[in-house]
Amino acid sequence: MDAELKNELSRQGIFTTTLEELYNWGRKSSVWPLTFGLACCAIEMIATTMARYDLARFGAEVFRPSPRQADLMIVAGTVTKKMAPQVVRLYNQMPEPKYVIAMGACAISGGPFKQGYNVLKGIDRYIPVDVHIPGCPPRPEALIDAFMTLQKKIAAQSLTGEERPRYLHADEPSEFPVPEYGAHDLEPPKNVKLWNIIYKTAAKEPSSAGEDGSGKD
Ligand code: SF4
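Computed from a prediction, not measured in an experiment: that's the story for all the values here.

(A) Representation of the environment of Glu180 in the model. Looking at the element boundaries, Glu180 is found in strand S4 (residues 180-181). Considering only alpha carbons, one finds Glu180 and Lys82, 98 residues apart in sequence, at a separation of 9.4 Å. Once residues within four sequence positions are removed from consideration, Glu180 is found in contact with Asp185, Leu186 and Glu187.

Here it is in structure tokens:
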């Protein structure tokens, strides 16, 4: 329906909607995060749920203790290589549709430990991230902003056509390979297929990325 006509009707007290809008509204208003934290950023995540910031206002107060009941993974803190397989396994156990917020410099890139032998340089090496939050640590306001960004993304999603979200494509995976401990690093060091989907523009440019999309390090 034409947006102007819709606005005009709503000014007259007539509300119209579509099944898609209703579905997206229901989804974005009841995103339940998984209960887990990895390091100091988790303290900010916990603060976001307390009375002062009150994440409950956004319908996300129900942190679930089981991945089977959660649809949002907030990766809050340093992802060590020892912990990365467990994070991917938890993600795989969540039902679709599921979303990921990478919270803090550590979760998005390794942060202050980027050069450490034991820290993963970003969880998006193994699972798809919807919203990245920079900062060390990001304040609760930043997490709320990321959460609202995710809600806008859900509200704008189209349920049909080529632009529909990943989980509505039958040939797209909902689970990703869990890395294993190798002699010197995780094997594989990143999910190249996923990496190339996310950074497909960069992967096409040989100057900024190798054939395996390994330009980011
Ligand atoms: S980004 Fe900073 S605050 Fe967050 S887990 Fe890493 S070191 Fe801690």
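Having seen the model, we can carry on.
(B) Focus on the packing of aromatic side chains. One pass over the full model with this rule turns up two aromatic pairs. With a centroid separation of 6.2 Å and an interplanar angle of 70°, the aromatic rings of Phe58 and Phe147 are classed as edge-to-face. With Phe58 in the loop between helix H3 (41-49) and strand S1 (72-76) and Phe147 in helix H6 (residues 140-155), the pair connects residues that are 89 residues apart, well separated along the chain. Residue Phe58 shares its accessibility class with Phe147, and that shared class is buried. With centroids separated by 6.0 Å and ring planes inclined at 40°, the aromatic side chains of Tyr91 and Phe176 adopt a geometry described as tilted. Residue Tyr91 is found in helix H4 (residues 84-93), and its partner Phe176 is found in the loop between H6 and S4; the two are separated by 85 residues along the sequence. By relative accessible area, which is 0% here, Tyr91 ends up buried.

(C) Local environment of the pattern of salt bridges. Scanning the entire structure with this criterion turns up seven salt bridges. Measuring nitrogen to oxygen at the nearest pair gives 3.5 Å for the salt bridge that ties Arg27 to Asp71. A residue pair is termed long-range when its members are at least 10 positions apart, and Arg27 in helix H2 (residues 19-28) and Asp71 in the loop between H3 and S1 qualify at 44 residues. Taking the relative accessible area as the measure of exposure, Arg27 reaches 21% and is therefore partly exposed. Among the residues examined, Asp71 registers a relative accessible area of 11% and is labelled buried.

(D) Structural context of the side chain of Thr48. By the secondary structure assignment, Thr48 is in helix H3. Sequence-distant contacts of Thr48, that is, excluding residues within four places in its chain, are made with Tyr53, Asp54, Leu55, Pro140, Leu143 and Ile144.

(E) Seen up close, the site of the ligand. Inspection of the region around the ligand gives Ala39, Cys40, Cys41, Gly77, Thr78, Ala105, Cys106, Pro112, Phe113, Gly135, Cys136 and Pro137 as its neighbouring residues. When its residues are assigned to classes, the shell around the ligand shows nine nonpolar, three polar and no charged.

(F) Spotlight on H4. Three or more residues of H4 are buried, namely Ala84, Pro85, Val87, Val88, Tyr91 and Asn92. When H4 is viewed along its axis, its buried side chains cluster within an angular range of 160° and face the same direction.

The rules behind the values
- Residues numbered from 1 in each chain as written.
- Predicted model: local features only at pLDDT ≥ 70, side-chain atom pairs only at ≥ 80, totals over all residues.
- Heavy atoms only, no water.
- Helix = DSSP H or I, 4+ residues; strand = E, 2+ residues; numbered from the N terminus.
- Contact = heavy atoms within 4.5 Å.
- Phe/Tyr/Trp six-rings, centres within 6.5 Å; stacked < 30°, edge-to-face > 60°.
- Buried < 20%, exposed > 50% of the residue type's maximum accessible area, 1.4 Å probe, protein only.
- Salt bridge = Lys/Arg side-chain N within 4 Å of Asp/Glu carboxyl O.
- Near = heavy atom within 4 Å.
- Nonpolar A, V, L, I, M, F, W, Y, C, P; charged D, E, K, R; others polar.
- Arc of directions from axis to C-beta.

What is shown is where atoms sit, not what they do.
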